[in-house]
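So you can see what is in the structure, the chains are spelled out below.
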Amino acid sequence: MKIILGITSVLLLAVFSVAYLYFSNLTGDSRSNDKTLAAIPSDASMVFNFSNDQSLYEIFKDYTVFDALTGKKKKEQLSWLKSLLLNNRDFYNSTQGRRIFLSFHPMSSDSLQFLWVMPLKEDLELADIAEVIANQNGNQVKTITDSQQELIEIKNNVTNDSFYIGLIGRIARASFSKPLLLSSLDKNSKKISKEYINEINDALLKDDDALASLFINHGEPGFMQPIFKQKPNGNFGLFSSFPAYSNLNLNYKSDALMFNGITRITEKHDGYLNLFLNQQPVKNTIKKILPYNMSNAICYGITSYGDYSTDLKRLFGIRKELPGLDAQIQQITAETGINTERDIKKLWGNEFTNIQLSTFENLGVIRVSNGRQLQFYLDPLSTNYSDDIKKLNYENLFYYYFGDPLKKYSKPYYAITDNLIIISNSPGTVQRFLNDYRSDRLLYESEAFSHFDQLVADQSNISFILLSKNSNALFRNLLKKNYSRIIDSKDYGFRNFYGFSYQLTSNTKHFFTNFYLGYEEKAALSTDSLVYNEDNIP
């Protein structure tokens, strides 16, 4: 018995020792990331991460998607930078296997700049780095001092741009933007929040084997807002700024950009998207009725309308809107005898969508369980416009039952067909939808959409879809000039993308998240690789 106890004690001690070493290593990695991430200025809503490893660069050797997104000039800059740093034996050895963070920063010139933050394995002096670079490819290199910060300035002999490197301790920072680099080096400038750093660290510890990862802070300053002329609204507004973090891992596919992971809405937030956390995933069938000229749409799915309604009314209460909305519903009952809570609420289905067309028109579509019954109850609330179309005489009925996506349709025109109710502020928009629907001029019928849809998850709770060619005019109207002009530019590859999908699927505490940007079929580009090649290391 004493022998058994002794062996058990030794085994327990061994287990605890291994556990201690393991978790202390994790903590050490986390602390290392803390210092690295703390160098990133606060306006970085997106941070890309990858390990500086030869096998990763080999995988992405022929990956053209990044080239298409960054554009010709950025591609030339990155190609030069690869030759300068990543293909330099000294730099590669100093960062091999280490995590490299690439953050994206909106600039006052209406452009995006990148900041590279790279932890080093050993102490290096800035002068040593300058000497190594000066001996490579005839680069013009000098050491300068700006804002009391010592920097290396390298003249890009390919695009005639200057590239800057700064160093504090074992953390190298670099950028084509000197102001951005100085902001990173300035200890007094505001950096990304501790909460954001913790989100990134937690994700990296859980998904250590990911090829590459993208981290998004959906809150301030908003990862979309800087590129828009005004604060985004409609379908774009829903995702433009809300207190949430996305941790997404890159899935390699040669002709698409694909990320999946989770989106966590902060506990403090009482917002519309939270309503879907209490729902189960829904098979997305309403996408089959999307018009052929759709620019973008968000399709929503709920499994329990009763729970959704309860949560929505709680949200209205928090916003102090519920008394006014209840009064409008009571007015309907008093003036028409129709009790919407008793008569109409039971007819709502489990899917609805808000659609924006290439013509800038907007409409909503709601699936219902019995269109004829719904028409019977809505008739006393409505005025005839045509044989097919009626106008609702009372405000906010659809906002009361479905919330933010349908708020813009206060007293809409509507039509009911095949257990669908179509609503819009324009009767012409409703009629054109009916014409397209009845003649099968639908997106789902096209071969291009079928090809794209193969990689879109079949179930979700919130599914955003955007088609590139149908959105060109919309982008020119919504985006700042420097961003909108790249849509048709030959220097970028956006013209070759069919569209993208962004999906949130409830898992009670967070959303499973899928992002997919897909090429037109047969439109994959052929470009020179910007990535590491072992043969190029001197």
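J.: It is not clear to me how helix α12 (residues 371-378) should be interpreted in this structure. Could you clarify?
T.: Because the α-helix completes a turn every 3.6 residues, residues three or four places apart line up on one side. Where α12 is concerned, the buried positions are Gly371, Leu374, Gln375, Tyr377 and Leu378. Mapping the buried residues of α12 onto a view down its axis gives an arc of 165 degrees, with all of them on the same face. Turned more than 90 degrees off the buried face of α12, the exposed positions are Arg372 and Phe376.

J.: Teacher, can you tell me more about the side chain of asparagine 247 here?
T.: Tracing the chain through its elements places asparagine 247 in strand β9 (residues 244-253). Taking the relative accessible area as the measure of exposure, asparagine 247 reaches 12% and is therefore buried. Excluding anything up to four places from it in sequence, asparagine 247 contacts Glu199, Ala203, Leu214, Phe215, Asn260, Gly261 and Ile262.

J.: Sorry if this is basic, but what is going on with the pattern of salt bridges here?
T.: Note on pairing: side chains with opposite charge can pair once their charged atoms come close. Taken as a whole and judged by the stated rule, the model has 19 salt bridges. In this structure, aspartate 404 and arginine 319 form a salt bridge, with 2.8 Å as the shortest nitrogen-oxygen distance. On the criterion of sequence distance, the pair formed by aspartate 404 in the loop between α13 (397-402) and β17 (413-417) and arginine 319 in the loop between α9 (305-318) and α10 (322-336) is long-range, its members being 85 residues apart. When its relative accessible area of 28% is taken as the criterion, aspartate 404 is described as partly exposed. The class for arginine 319 is partly exposed, based on a relative accessible area of 32%. Here arginine 432 ties to glutamate 361 by a salt bridge, and the two come within 2.5 Å at their closest N and O atoms. Taken together, the residues arginine 432 in helix α14 (residues 427-438) and glutamate 361 in the loop between β13 (348-357) and β14 (362-368) connect sequence positions 71 residues apart. Linked through salt bridges whose partners overlap, the residues forming this network are Arg319, Glu321, Asp404 and Lys407.

J.: Explain unusual backbone geometry to me, please; I cannot follow it from the model alone.
T.: Negative phi characterises most residues that are not glycine, and trans characterises most peptide bonds. Despite not being glycine, phenylalanine 360 has its phi angle at roughly 75 degrees, a positive value. The class of phenylalanine 360 is partly exposed, set by a relative accessible area of 35%. Of note in this structure, asparagine 419 is not a glycine but carries a positive phi near 60 degrees. With respect to the helices, strands and loops of the structure, asparagine 419 is situated in the loop between β17 and β18 (420-424). Residue asparagine 419 is classed as partly exposed on the basis of its relative accessible area of 35%.

J.: In this structure, what is going on with the nonpolar core? I would like to understand it.
T.: A general feature of soluble globular proteins is that nonpolar side chains tend to end up buried together. Counting 62 residues, the largest nonpolar core has Phe239, Tyr272, Phe276, Trp348, Leu378 and Ile421 as the members making the most contacts within it. Tallying contributions element by element places α13 first for this core, with six residues. With residues up to four places along the chain from it excluded, the contact list for isoleucine 421 reads Gly364, Val365, Ile366, Val368, Leu374, Leu378, Phe398, Tyr414, Ala415 and Ile416.

J.: Where do I start with the packing of aromatic side chains in this structure?
T.: Remark: the centre distance and the inter-plane angle together describe each pair of aromatic rings, the angle taken between the planes. Within this structure, the stated rule accounts for 33 aromatic pairs. Every member of this aromatic cluster is reached through a ring pair, and the members are Tyr272, Phe276, Tyr300, Tyr305, Tyr308, Trp348, Phe352, Phe398, Tyr400, Tyr401 and Phe402. When the ring centre of tyrosine 413 is taken as origin, the NZ or CZ atom of lysine 391, which lies over that ring, is 4.6 Å away.

Procedures and definitions
Residues numbered from 1 in each chain as written. Predicted model: local features only at pLDDT ≥ 70, side-chain atom pairs only at ≥ 80, totals over all residues. Heavy atoms only, no water. Buried < 20%, exposed > 50% of the residue type's maximum accessible area, 1.4 Å probe, protein only. Helix = DSSP H or I, 4+ residues; strand = E, 2+ residues; numbered from the N terminus. Arc of directions from axis to C-beta. Contact = heavy atoms within 4.5 Å. Salt bridge = Lys/Arg side-chain N within 4 Å of Asp/Glu carboxyl O. Core = buried A, V, L, I, M, F, W, Y, C linked by side-chain atoms within 4.5 Å. Phe/Tyr/Trp six-rings, centres within 6.5 Å; stacked < 30°, edge-to-face > 60°. Lys NZ or Arg CZ within 6 Å of the ring centre and 35° of its normal.

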